[in-house]
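Okay, here's what each chain looks like letter by letter:
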Amino acid sequence: MSEITITINGKLCKGQQGDTIFKIAQDNGIYIPNLCYHPSVARYGACGLCLVQDEKSPKLIRSCSTIAADGQVLHTENDRIIQARKIALELLMSDHEGDCVGPCRLACPAETACQEYVKQVALGNTREAVRIVKERLPLPASIGHVCPHPCESECRRRLVEQPISIAMIKRFMAMDQLDKADRWKPEIAPATGKKVGIIGGGPAGLTAAYYLALKGHEVTVHDAMPKMGGMLRYGIPEYRLPKAVLDAEIAEIAETGVKLVNDFKIGRDISFEEYRKQYDAVVVAIGAWKSSPMRCPGENLEGVYGGIDFLRSVALGDPVAIGKRTAIVGGGNTAMDACRTAVRLGAEEVYVIYRRTRSEMPAAADEIDEAIEEGVVFKFLTNPDSIIGEDGKVKAVKLQVMELGEPDASGRRSPVPVEGKFEYLEVDSVIAAIGQRVDVAGFDVGASSLELNRRGIIAADELSFHTSLPGVFAVGDATNKGADIAIAAIGEAGRAADVIDSYLAGAEKPYRKPYVSKRVVTEEDFKDREKQPRVPVVNRPAAERRCDFKPVNSGYTAEEAMKEALRCLECGCHDYRECRLISTANEIEIHPERLAGAKHEKFTETRLVAIERDQGKCITCNLCVRVCDEVVGKGILGLVGRGFETVIKPEFNDPAVVAACKDCLKCAEACPTGALKILTAK
Amino acid sequence: MRVIVGEGSCGLAAGAGKVYEALQTKLEGIESASLGITGCVGMCWLEPIVDLYNGKMLAKRLVHVAPEDADDIAAAVQSGDLSLVDRITIRKEDEDFLRKQTRIALRHCGVIDPADINDYMADDGYQALEKVLGTMTPEEVIEEIKVSGLAGRGGAGFPTWFKWKAARNAAGGPKYLICNADEGDPGAFMDRAVIESDPHSLIEGMMIAAYAIGAAEAIVYVRAEYPLAIVRLENAIKQAREAGKLGKNILGSDFSCDMRIKAGAGAFVCGEETALIESLEGNRGMPRLKPPFPANSGYWHKPSNINNVETFANVAWIILNGGDKFAAMGTEDSKGTKVFALTGKIKRGGLVEIPMGKTLREVIFDIGGGIRDDKEFKAVQMGGPSGGCIPASLLDTPIDYKKLSATGAIMGSGGMVVMDENTCMVGMAKFFLDFTAKESCGKCVHCRIGTKRMQEILTRITEGEGREGDIELLEELCAAVKDGALCGLGQTAPNPVLTTLRYFRDEYEAHINEKKCPAGSCAALLTYSIDPSKCVGCTMCARKCPAGAIAGTVRNPHSIDPEKCIRCGQCLAACRFGAVSVG
Amino acid sequence: MNTCSCSKSDLTLVDKVLEEYAGTPGSLIAILQKAQAIYGYLPADVIYRIAEKTGNSPAKVMGVATFYTQFRLEPVGKYMLMLCQGTACHVNGSERIAAAIQEELGIGDGGTTEDGLFSVKHVACLGCCSLSPVMMINEDTYGSLTPDKALSIIREIRAKEVQG
């Protein structure tokens, strides 16, 4: 064998006479994508992803199956190659019927791997479950308590009877691990020497801090409040999220080496200009801490408070005076927190004033139910017309009676006043929980002024999180669309951490939403499933809850959590993390939907005893057939038909021969996608 | 007088079999008459054809002959008064069709009896093989072919001598000679005609090639759709073997080579040489990766040479007449003659062999007589699913490998399908993509799914569901499929789309933007209407309409409800007053 | 499940073919062609026998049998109507012929009439382009078709069958 030298992408690469271009590239550390190549079988050349160009040839060539010639000059990444590769992937994906991940994960703003941690809970492995959730969410116990769980709204189990209690499972597993000595701890990359300053210690700031610290950066979080946690601490009442749980999770974040500095305010303790100079990158995660005004007469009277201001005063242990009768204006989760806190503070009459009806309320349904149980009175279809005062203090609210009109842009029916119809409500205080605004004081000075959007919120690029100032990133409630749920802020912060890491390494790579394949599923698909209602969580009696700030319930026991987790339909592909198709597809930006057309019928079969075959996911690379033929020598699988209709089938109609494959599993191991799933271990 | 019935597939399809039977009865007892058959002379539009010969002299050619004509023919033959059959004699202008051709590959077609080796021998048959085995070395044979400039007539136009030399020089053995008679291009039938009409010419050409490369076995891979060709070739092989023209020690020389037929089973992709080899070995016809090329590793991974039928049909002539004489015909890049199957909306459709360099216009108008019903010429499709549509503005393009490629079409195997103003060019592209998507072997992604997606996009355009951006999407797919497909089938599959886009983009745009088919061919885009000033209220259309879409009372103008109309066109056909129009 | 144990074809017929080709490698397609000529199609048990005797796995034999359009895995009608899909036939209106046949017989490409008389198959170019549009019924070729002409040919065959 003689040595040859070829040039790939300008790099001289040595190989042996008779080697393929692909092998020489691989041996020399040059990556060429491929799906149908396998070292143990003969060259085949079906997938067309390994195309490369020889400077001397007008045609693109398949590197996996072309023998290299000495002196060849090759390219693996030019526009023409990328385009051919991109179309190949789009074509493959246009005929790939499968769910890479479950709808739960797609619905989660932080893309947490719900199905995977639920599965670990079902297996009794909460440590692994926490490890998985912490890939995206460093505060699982806290979020498990408070999250309005968009994941559950999309859970396909709802097509059978009810969705999985994902949030409750998360709360259980994280609480189970919280004080375990052997709990999972992340690995921290070697120090990079880069410094990151994070302004704001809420869920966004803490999340960014955690993931940047894991990447080896030196991170400091500065917060204006006396303690870390942001809205989780100062906006969410103790009965929903015990401060001790939050403290424990913040302590874990601190363990990664993040420095936490409280009572530190930009503009007061340091100028933003100065602050920026101290860090290689800055993250602004200051949240939205100003209550929106009601814009009605009387809102400046004594006894009118903002919702979050009210909650903060309670959290700080110095509640504002609300009297015996209070009215909360608004229909969101803050309104629910406020009314139920008011109950717990001893108010005798607590009203919620909401201009639409219950079905339009943005607050979580169980929060509303529990508030009603606790004696809160809902005044639907009313809106404050004015607040009537006496001696400068609140005496009553004049309510305009409303009715529902035409649906608006959001699809909700708009409330319209019923002319001349009013009600009066005698109250001692009014709490306006109708929205939050960003306080940008300190970030609007001189050259270090952050650009704001039309609504006065910090403008940041949606994908890079970069603000108008170089090196300054912004995430969470303080940016773009404004206040949202905690998990949304956490999601942004996690993605921003990756971008900032790339920025610190010298080449900023904006976030790109990973491409995933999705399957369309209807109730019909589950009609044979046995009904199995979700495991209920029993709340403490309302009469008891009203009197203290202890949690409303104690969550799942281990048995309950496991039972509930077992209800999971496991929609997402078992092979998502190993799937070569999806990892290759995500190397470039693809849009298979533009090539949508006929697809192979999706079905699964288990004729190969040890293996479940999913036709929808098969990409007809023929590796299973070739491995069974060439490596195992059995030829149990074969191609059937031709053209687009080609499918791979086990040897037809003979169970005896099919059963012969029981112990081998080599086909499933070679499969580049999740089309072949091993059912029984070797 | 010899009475010869043309019994090619076309002739038989037109009723030559029944004519033969009728003649057999009527000529019985006429001593001066003998009845025989020949293959296809290539004047397919005149079938069934009966030739009357005096010895070797063609005395009269009778066309569109029906069994009922047998009496007159018998009378003419018996009396010697050929004016008795003037009624069915070929017209002068139709004779131009043959007069303007130069026949080498087709030299015996329609002239000799394909079932009789003696007929072939009487017309210089097997003399070239005798010359080669007696006086030439294999290298000299290859040199002669090199001088002739003969290139592969299957479509690619690769120099024949080069392939022969590569196979001759390849190490290892045994070596195989393969004839690709898997004539799959829809619209091409010259190879079928050669095998049916002149099988010995193929055998002789192949034996010469086998000698040149040193092959011990020759295989002819014939399409399953050509049963008559298989029967005639089987018979010819048997005769040739008995006559010592193939088998052991051919013509008494040291050279031995036997020959057999392998019938294909219906797969267009098997026209691709490596897929053909897979099929020969009994496998699914899925192309192999090249290199290695078949010259080094082909059938059973042994050195193999593959040429198509027409290529072999030229060989004996070249050996007998000299390569230089062959090379004297044609152009700088393309030597000799080429056979075309001229079909479609043409007046005189059939087989045309002309020297390279003649223009498309000469073939279509001078030889083919122009467009049927004197409609407007729109385009000619060349090269089948791998080729393209050439518009009227390029009719003066000389027939030459390079010049045809420059149009976006290719020479191909010789299918020449002529289209008139009523042929929708988007529909043509769709037709070919329907074909390739169905015929794709399914191995590589670009072809398996890419052709399917192109076909789907073209389908929706022809059905009035085309979207803005579809043209660009097609172009993008075309480029990627050309680059990414594994074999020739996929790499050339976009050509019908690309050429129609290049020359008839406005038709695509009309389909997509205006939901109109300018050729009036895409059913979903047609609107039928009744002109009230012409309609006399005869109710015929309403009675014919299968959808109940036509309303009106007797003697009052009718009207069509476009919602109910299924665009079957029956009203148009039924109206005797020209009141129904389609647009 | 249809297994090879419930064999119903007379396998001695295919065995003769297999004997003829024994020891000739690469004969699978020819064997399948002969088997189909015997049985009219390729029954499962015949495919199994061919696999067993040729040393191929049934999966491979199935792969070959489903690759080529000539092979059929289901019985076909007494009259096999093959409608040419070549370019010339397309240009000259084969689609209208297909529609007329579909309406007459109630079956499309790949179908067989309930009485088992006709099967319809759309086939690649038959090479009779000058007579387009063209169809073949069993061994006979019919050219220059119009919808009416195609229907009268079919009706003639049907009438002949009804008589006797």
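Cut-offs applied
- Residues numbered from 1 in each chain as written.
- Chains lettered and ligands numbered in written order.
- Predicted model: local features only at pLDDT ≥ 70, side-chain atom pairs only at ≥ 80, totals over all residues.
- Heavy atoms only, no water.
- Salt bridge = Lys/Arg side-chain N within 4 Å of Asp/Glu carboxyl O.
- Helix = DSSP H or I, 4+ residues; strand = E, 2+ residues; numbered from the N terminus.
- Buried < 20%, exposed > 50% of the residue type's maximum accessible area, 1.4 Å probe, protein only.
- Contact = heavy atoms within 4.5 Å.
- Buried area = accessible area lost by both parts, 1.4 Å probe.
- Polar contact = N/O pair within 3.5 Å; in protein donor to acceptor, adjacent residues only side chain to side chain.
- Phe/Tyr/Trp six-rings, centres within 6.5 Å; stacked < 30°, edge-to-face > 60°.
- Lys NZ or Arg CZ within 6 Å of the ring centre and 35° of its normal.
- Pairing = 2+ DSSP bridges.
- Axes fitted to C-alpha atoms, helices over the stretch in contact; angles between N-to-C directions.
- Domains from an automatic or database assignment.
- Nonpolar A, V, L, I, M, F, W, Y, C, P; charged D, E, K, R; others polar.

**A closer look at the pattern of salt bridges**
Residue and element names in this part refer to chain A.
Here is step 1: One pass over the structure, following the stated rule, counts 93 salt bridges over all chains.
Here is step 2: A salt bridge links Glu367 to Arg240, with the shortest nitrogen-to-oxygen separation between them at 3.2 Å. Taken together, the residues span a long stretch of sequence, with Glu367 in helix α15 (residues 365-373) and Arg240 in the loop between α10 (231-234) and α11 (243-255) at a distance of 127 residues.
Here is step 3: Its relative accessible area of 11% is what places Arg240 among the buried residues.

**Examining the interface of chain C and chain B**
Here is step 1: Counting residues at the interface gives 34 residues for chain C and 52 residues for chain B.
Here is step 2: Interface area lost by chain C to chain B is led by Phe67(C), Thr87(C) and Val91(C), which between them contribute 20%.
Here is step 3: For the pair chain C and chain B, the number of links is zero salt bridges.
Here is step 4: On the surface where chain C and chain B come into contact, there are 15 residue pairs in polar contact (both at pLDDT 80 or more).

**Focus on the packing of aromatic side chains**
Residue and element names in this part refer to chain A.
Here is step 1: Applying the stated criterion across every chain yields a total of 23 aromatic pairs over all chains.
Here is step 2: Relative to Tyr37, the ring of Phe22 lies with its centre 4.6 Å away and its plane at 50 degrees, an arrangement referred to as tilted. With Phe22 in helix α1 (residues 21-27) and Tyr37 in the loop between α1 and β3 (51-54), this pair connects stretches of sequence that are 15 residues apart.
Here is step 3: Linked through ring pairs, Phe264, Tyr275 and Tyr279 together constitute an aromatic cluster.
Here is step 4: Above the plane of the ring of Phe422 lies Lys398, whose end atom (NZ or CZ) is 4.2 Å from the centre.

**Section: the sheet that holds strand β7 (residues 218-222) of chain A**
Strand-to-strand pairing in sheets goes through backbone hydrogen bonds, with the strands running parallel or antiparallel.
All names here are of chain A.
Here is step 1: The strand order across the open sheet built from five strands is β8-β7-β6-β9-β20, with neighbouring strands paired in parallel fashion. Of all the strands in the sheet, just β8 (259-261) and β20 (472-474) have a single pairing partner and so form its edges. Ignoring which end each strand starts from, the neighbouring axes of this sheet average 20 degrees apart.
Here is step 2: Summarising the sheet, β7 and β8 pair through three bridges and their orientation is parallel. What sits directly across from Val221, in β8, is Leu260.
Here is step 3: Running over the sheet, helix α16 (residues 486-504) touches β6 (195-199), β9 (281-284) and β20 and is turned about 160 degrees from β9.

**Considering the environment of Asn34(A)**
Residue and element names in this part refer to chain A.
Here is step 1: Inspection of the secondary structure puts Asn34 in the loop between α1 and β3.
Here is step 2: The exposure class assigned to Asn34 is buried, which follows from its relative accessible area of 13%.
Here is step 3: Note: C-alpha distance between Asn34 and Ala493 (459 residues apart in sequence) is 33 Å.
Here is step 4: With near-sequence residues (within four places) excluded, Asn34 lies in contact with Phe22, Cys47, Leu49, Cys50 and Arg580.
Here is step 5: There is a polar contact of 2.8 Å between the side chain of Asn34 and the side chain of Arg580.

**Some thoughts on the domain arrangement of chain B**
Residues and elements named next belong to chain B.
Here is step 1: The assigned domain composition of chain B is domain 1 (2-90), domain 2 (117-327), domain 3 (337-420), domain 4 (425-513) and domain 5 (526-582).
Here is step 2: Here domain 1 and domain 2 have C-alpha centroids that lie 33 Å from each other.
Here is step 3: At the interface, 10 residues of domain 1 touch eight residues of domain 2.
Here is step 4: Summing both sides of the interface, domain 1 and domain 2 together bury roughly 620 Å²; the carbon and sulfur share of this comes to 47%.
Here is step 5: Linking domain 1 to domain 2 there are three residue pairs in polar contact (both at pLDDT 80 or more).
Here is step 6: The element best represented in the side of domain 1 that touches domain 2 is helix α1 (residues 9-14), accounting for three residues.
Here is step 7: Class assignment for the residues of the side of domain 1 that touches domain 2 results in five nonpolar, three polar and two charged.

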